[in-house]
Amino acid sequence: MRNIHRRTLLKGAVATVIMPAFTRASTSEILLRAKPASVQLVDADHPQTQIWGYNGGVPGPQIRAVQGDQIALRLSNDLVQPTSVHWHGLRVKNSMDGVPGITQKAVLTGEEFLYQLDLRDAGTFWYHSHNRSAEQVARGLYGVMVIVEPDAPDVDRDIVVVLDDWRLDEVAQISEPFGNLHDHSHAGRLGNFIHAMFDSLPAQMATNERLRLRFVNTATDRIMPISLRGVSGWVVARDGMPLKKLEPLGILTLGPAERADVIIDVTAEHDGEVLLIFHDRNQGYVLNDFRVSGAAATVRRPKPTPLSPNPIETLVSVAGARTIPLRMQGGAMGDLQEGLYKGKMLSMRDLVDQGQIWTLNGEAGLPVEPLFETPLHATIVFEMRNDTAFAHAMHMHGTHFQEVLPNDTFGPHKDTVLIQPGEARDFAFVADNPGKWLIHCHMLSHQSAGMKTWFRVG
Ligand code: C2O
Ligand code: CU
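Since the structure is predicted, the reported quantities are computational estimates derived from the model, not experimental observations. (Residues numbered from 1 in each chain as written. Chains lettered and ligands numbered in written order. Predicted model: local features only at pLDDT ≥ 70, side-chain atom pairs only at ≥ 80, totals over all residues. Heavy atoms only, no water.)

A. Here's a closer look at the nonpolar core. By size, the foremost hydrophobic cluster in this structure holds 37 residues, and its most contacted members are Phe382, Met384, Met394, Phe401, Phe429, Ile439 and Phe455. Residues in contact with methionine 384, not counting those within four places in the same chain, are Leu326, Met328, Met394, Phe401, Val417, Ile419, Glu423, Ala424, Arg425, Asp426, Phe427 and Ile439. (Core = buried A, V, L, I, M, F, W, Y, C linked by side-chain atoms within 4.5 Å. Buried < 20%, exposed > 50% of the residue type's maximum accessible area, 1.4 Å probe, protein only. Contact = heavy atoms within 4.5 Å.)

Rendered as structure tokens:
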């Protein structure tokens, strides 16, 4: 597969799939049929790739709705495995969260499940399988949800850009098996074919054109540092939540499941180009290039203003909050000696025999008892400590948290945060969504190898 790697990364060949036409939510149901399909993932010199997708494509249908809408989505399972759908980052009712064993039964082959969602927040979200997700998401079971603000910013184009990382063989088929021990104990299942999929592909761009790009990292394990050339811009939202203060756009690093909304102005002149670059160590690889032709306006527009905030509580203090330690251990080059698994203390070697390599607070896999229980409206602080040799993309279900910074200041609302080896960072939230919620590493290989737990609100 060195082949495809070189073609797409080294030579910057553009492999771009246009997503299936989007589905505008209405009062009627949206059908999501999980099934095998074949798609032209790599270029025409390669055969089509057998994937698992929603409605026969990858990404699945783009769900577009307006903030405040209620939508219904019917999952129907035509796969050989049970499945479920999780609405990543949406603050939904617990029974709609899509986690087998916690909020619902897995949907068996030939069966269906109806999800009903209240769209409280505007922004860029995504949905994906939450059963055997290290395999099912890697095979293509995901899609994007765009929840439009009633007062969306004025841009010339609004484009979704999905970043994914596939492990393909010489004939462009998804490499098996899944669950390789080396992957699971290191940085996860990394692929050899990284590409960006645009929902509408600008044939060209024009000077002073303003675009909103909604980046979504759907890779199971790959951290994606990207940048754009020929533009100047700002990050205006992260994980679907508007930033109070716009961040100038430099290298944008998205861990698995993270999103960023970016507003860019094309600054390249006529005959110049705009590049989307993936950064790997000290190298940059062109994922896409767009020719610039003509000008959309004679002058640049003024800097955009922040998007209207979502109706989520913003922290002002963590005085008196309950703190919950969340210590990450295990993996290759870690010093984990033993861990609790299914109620038994096992040596590292016995854990590995069970496919368990990572622990949170000394326990691998989903504990029977919640990590903690909290009454509604309490403020909780997770003290995250990464005592492993790898980064982890910690994701909480049910609501967003904010990083606790010095002097009673707080970072932006996030649902997934990248915690580097050795880091100790605190994240706080108000427990306002009742139910049983997961917190896990969104490097899905790490999740399946133990890095997950849950808590109960209310
Ligand atoms: Cu996007 Cu529990 O996951
Ligand atoms: Cu991890």
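B. Representation of the coordination of the copper ion (ligand 2) within the structure. Only His392 (ND1), Cys441 (SG) and His446 (ND1) from the protein coordinate the copper ion (ligand 2), and they sit 2.0 to 2.1 Å from it. One chain supplies every donor to the copper ion (ligand 2), and in sequence these donors are spaced H-x48-C-x4-H. Of this pair, histidine 392 sits in strand E28 (residues 392-396) while histidine 446 sits in helix H5 (residues 444-448), and the two are 54 residues apart along the sequence. The residues histidine 392 and histidine 446 share a single accessibility class, namely buried. (Donors = N, O, S within 2.8 Å, 3.2 Å for Na, K, Ca; no water. Helix = DSSP H or I, 4+ residues; strand = E, 2+ residues; numbered from the N terminus.)

C. Looking closely at the packing of aromatic side chains. For the structure shown, the criterion picks out 13 aromatic pairs. Measuring from centroid to centroid gives 5.7 Å for tryptophan 87 and tyrosine 127, while their planes differ by 35°, and the two rings are tilted. Here tryptophan 87, found in strand E6 (residues 85-88), pairs with tyrosine 127, found in strand E8 (residues 123-129); they are 40 residues apart in sequence, far enough to count as distant. Overall, the relative accessible area of 0% leaves tyrosine 127 in the buried class. Among the aromatic residues, those joined into a cluster by ring pairs are Tyr54, Trp87, Phe113, Tyr115 and Tyr127. Positioned above the aromatic ring of tryptophan 52 is the side chain of arginine 139, whose terminal nitrogen or guanidinium carbon lies 4.5 Å from the ring centre. (Phe/Tyr/Trp six-rings, centres within 6.5 Å; stacked < 30°, edge-to-face > 60°. Lys NZ or Arg CZ within 6 Å of the ring centre and 35° of its normal.)

D. Highlighting the domain arrangement of the chain. Along its sequence, the chain is carved into domain 1 (1-307) and domain 2 (322-457). When each unit is reduced to the centre of its C-alpha atoms, the spacing between domain 1 and domain 2 is 25 Å. Tallying the contact residues gives 39 residues for domain 1 and 39 residues for domain 2. Summed over both partners, the interface of domain 1 with domain 2 buries about 2,900 Å², with 59% contributed by carbon and sulfur atoms. By the criterion of area lost to domain 2, the three top residues of domain 1 are Asn94, Ile102 and His184, representing 20% of everything that side buries. The interface formed by domain 1 and domain 2 contains three salt bridges. At the boundary of domain 1 with domain 2, the tally comes to 22 residue pairs in polar contact (both at pLDDT 80 or more). Those elements that place two or more of their residues in the side of domain 1 that touches domain 2 are E6, E8, helix H2 (133-136), helix H3 (181-185) and strand E16 (241-248). (Domains from an automatic or database assignment. Buried area = accessible area lost by both parts, 1.4 Å probe. Salt bridge = Lys/Arg side-chain N within 4 Å of Asp/Glu carboxyl O. Polar contact = N/O pair within 3.5 Å; in protein donor to acceptor, adjacent residues only side chain to side chain.)

E. Representation of the pattern of salt bridges in the model. In total, this model carries 31 salt bridges according to the counting rule given. Close ionic contact of arginine 214 with aspartate 261 constitutes a salt bridge, the shortest N to O distance being 3.4 Å. Of the two residues, arginine 214 is situated in strand E13 (residues 210-217) and aspartate 261 in strand E18 (residues 259-266); the sequence distance between them amounts to 47 residues. Each of the two residues, arginine 214 as well as aspartate 261, counts as buried. Taken together, the shared-partner salt bridges connect Arg64, Glu149, Asp158, Arg212, Arg214 and Asp261 into one network.

F. The arrangement of the sheet that holds strand E19 (residues 273-280) in detail. With mixed pairing, the five strands of this open sheet are ordered in space as E12-E20-E19-E14-E17. Looking at which strands have only one partner, the edges of the open sheet turn out to be strand E12 (204-207) and strand E17 (252-254). Strand-to-strand twist in this sheet, taken as the mean axis angle between neighbours without regard to direction, amounts to 30°. Across four bridges, the pairing between strand E14 (residues 224-229) and E19 is antiparallel. In the sheet register, leucine 228 faces E19, and the bridge partner there is leucine 276. (Pairing = 2+ DSSP bridges. Axes fitted to C-alpha atoms, helices over the stretch in contact; angles between N-to-C directions.)

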